[in-house]
Amino acid sequence: MLAKINNFEIDLSKPIDISIPLSNTEENPIAWYIEKPEINPVVFGDWTGSVKAGASTNFNTISFNPHGHGTHTECLGHITKEFYSINQCLKQFFFLAELISIEPEIQGENAVITKNQLEPLLNGKTPEALIIRTLPNLANKKHQNYSNTNPPYLSEEAAIFICESGIQHLLIDLPSVDKEYDEGKLLAHKAFWNVKDVTNLNADARLNCTITEMIFVADTVLDGSYFLNLQIASFENDASPSKPILFKIADF
């Protein structure tokens, strides 16, 4: 099924899902020192919400944390005193996106994505969304427990560059754009959203911009331009589990 969006032709019958599914197994990725998600049937007395247990339907309760349990999209409400909801901040869902692959620079004990790496890869392009695939692109990204591992992260200078380039949506295959232990500075988050004061939000903070973390982009998906459909659940929360889908652009 072909469709035209902003004069670009895309094939809607060939979606490329770059989200990681959420499960209650040890295969589920984890960050931020929490346990795996729980998916359990509701129990009322002798009744259990499971067809296997004799009920007419499966009736499960799911307990999870969007930031720590897989692919999620967050708004600046993640770091502000005032409440902001991803459901209110994200109102458009199709974007022209650029996928790039970067092997973070080793700086002492840290692995850092820098402005000097980003700039030549974008080569003057200013897409609405930027997708960063880190190298090496190991399959264990889909199952890893990131807690206490000091994963790679984005330098403040790189985040400022992304912000000043006009990129509105940043997607990355890491648990955070910031360093795991950073004394709560959250330099990359603040720089991307242009948040100068988390207590009294500045007027030019980027309310409609989002960060999506813990994606996975297979090696078969080549660097380049795509159309992105950024799908979220309608949570009135700073973040929601999400399902970013890429579509190839014909003759791009």
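Anything mentioned here points back to the structure above.
Keep in mind the model is a prediction, meaning the values are calculated, not measured.

**Regarding the overall build of the protein**
Helix and strand content of the protein: 4 helices and 17 strands. Taking 252 residues into account, the globule formula puts the C-alpha radius of gyration at 18 Å, and the protein, at 19 Å, falls close to it. With the principal axes as the frame, the protein shows a C-alpha extent of 65 × 50 × 35 Å. In the protein, which comprises 252 residues, the proportion classed as buried is 49%. For the protein, restricting intrachain contacts to residue pairs at least 6 apart in sequence, the fraction spanning at least 24 positions comes to 72%. Counting 18 positive and 32 negative side-chain charges, the protein places the centres of these two groups 4 Å from one another.

**Re the pattern of salt bridges**
This structure, assessed with the given rule, holds 6 salt bridges. With a shortest N-O distance of 3.3 Å, Asp-204 and Lys-196 are connected by a salt bridge. By relative accessible area, Asp-204 is classed as partly exposed at 41%.

**Thoughts on the nonpolar core**
Counting 47 residues, the largest nonpolar core has Leu-118, Leu-130, Ile-131, Ile-132 and Leu-154 as its most contacted members. Every element with two or more residues in this core is listed here: α1 (86–89), β9 (94–102), α2 (115–122), β12 (129–134), α3 (156–164), β14 (169–172), α4 (187–193) and β16 (224–232). Looking at this core element by element, the count peaks at 5 residues for β9. With near-sequence residues (within four places) excluded, Leu-130 lies in contact with Glu-98, Ile-100, Leu-118, Leu-122, Ile-162, Ile-167, His-169, Leu-170 and Leu-171. Counting 5 residues, the second-largest nonpolar core is a separate cluster that includes Ile-10, Phe-227, Phe-247 and Ile-249.

**Quick word on α2**
Turn by turn, an α-helix covers 3.6 residues, leaving residues three or four places apart pointing in a common direction. Within the span of α2, buried status applies to Gln-117, Leu-118 and Leu-122. Seen from one end, α2 has its buried residues packed into an arc of 115 degrees, which puts them on one side. In α2, the exposed residues that point more than 90 degrees away from the buried face are Asn-116 and Pro-120. Where α2 is buried, its residues meet β9, β10 (105–107), β11 (110–113), β12, β13 (153–154) and α3. A positive backbone phi angle near 50 degrees is found at Asn-123, which sits one or two residues after α2.

**Things to note about a nonpolar patch on the surface**
The grouping of Trp-32, Tyr-33 and Tyr-181 at the surface amounts to a nonpolar patch, some 320 Å² of accessible area in total. Inspection of the secondary structure puts Tyr-33 in the loop between β3 (16–17) and β4 (38–41).

**Considerations on the pairing of β11**
A two-sided burial pattern is seen for β11, the buried positions comprising Asn-110 and Val-112 on one face and Ala-111 and Ile-113 on the other. One ladder, built from 3 bridges, connects β10 with β11; its direction is antiparallel. The partner of Ile-106 across the bridge, within β11, is Ala-111. Where β11 lies against β13, 2 bridges are found, and the strand directions are parallel.

**A short note on the sheet that holds β13**
If you walk across this open sheet you meet the 3 strands as β10-β11-β13, and the pairing is mixed. Either end of the sheet is taken by a strand with one partner, and the two such strands are β10 and β13. The strands touched by α2 are β10, β11 and β13; relative to β11, the strand with the most contacts, the crossing angle is about 35 degrees.

**Description of the packing of α2 against α3**
Orientation of α2 relative to α3, taken along the N-to-C sense of each, is 30 degrees, at an axis distance of 8 Å. When the axis of α2 is compared with that of α3, the two are roughly parallel. In contact with Lys-115, Leu-118, Glu-119 and Leu-122 of α2, α3 contributes Glu-157, Ala-158, Phe-161 and Ile-162. Taken together, the residues of the contact of α2 with α3 break down into 5 nonpolar, no polar and 3 charged.

**What to know about the packing of aromatic side chains**
Evaluated as defined, the whole model comprises 7 aromatic pairs. With centroids separated by 6.2 Å and ring planes inclined at 75 degrees, the aromatic side chains of Phe-64 and Phe-235 adopt a geometry described as edge-to-face. Taken together, the positions of Phe-64 in the loop between β7 (60–63) and β8 (72–74) and Phe-235 in the loop between β16 and β17 (239–248) put the pair 171 residues apart, joining distant regions of the chain. With relative accessibility at 28%, the residue Phe-64 sits in the partly exposed group. Judged by its relative accessible area of 36%, Phe-235 falls in the partly exposed class. Measuring from ring centre to ring centre gives 6.1 Å for Phe-192 and Trp-193, while their planes differ by 65 degrees; the resulting arrangement is edge-to-face. Considered together, Phe-192 and Trp-193 belong to a single accessibility category, that of buried residues. One aromatic cluster is present, built from ring pairs that chain together Trp-32, Tyr-33 and Tyr-181.

Reading the values: the criteria
Residues numbered from 1 in each chain as written. Predicted model: local features only at pLDDT ≥ 70, side-chain atom pairs only at ≥ 80, totals over all residues. Heavy atoms only, no water. Helix = DSSP H or I, 4+ residues; strand = E, 2+ residues; numbered from the N terminus. Rg over C-alpha atoms; globule rule 2.2 N^0.38 Å. Buried < 20%, exposed > 50% of the residue type's maximum accessible area, 1.4 Å probe, protein only. Contact = heavy atoms within 4.5 Å. Lys, Arg positive; Asp, Glu negative; His and termini not counted. Charge placed at Lys NZ, Arg CZ, Asp CG, Glu CD. Salt bridge = Lys/Arg side-chain N within 4 Å of Asp/Glu carboxyl O. Core = buried A, V, L, I, M, F, W, Y, C linked by side-chain atoms within 4.5 Å. Arc of directions from axis to C-beta. Patch = residues over 30% accessible without salt bridge, like charges linked within 9 Å, V, L, I, M, F, W, Y side chains within 5 Å. Areas by Shrake-Rupley, 256 points an atom, 1.4 Å probe, with all protein chains shown as cover. Pairing = 2+ DSSP bridges. Axes fitted to C-alpha atoms, helices over the stretch in contact; angles between N-to-C directions. Parallel < 35°, antiparallel > 145°, perpendicular 65-115°, else oblique. Nonpolar A, V, L, I, M, F, W, Y, C, P; charged D, E, K, R; others polar. Phe/Tyr/Trp six-rings, centres within 6.5 Å; stacked < 30°, edge-to-face > 60°.

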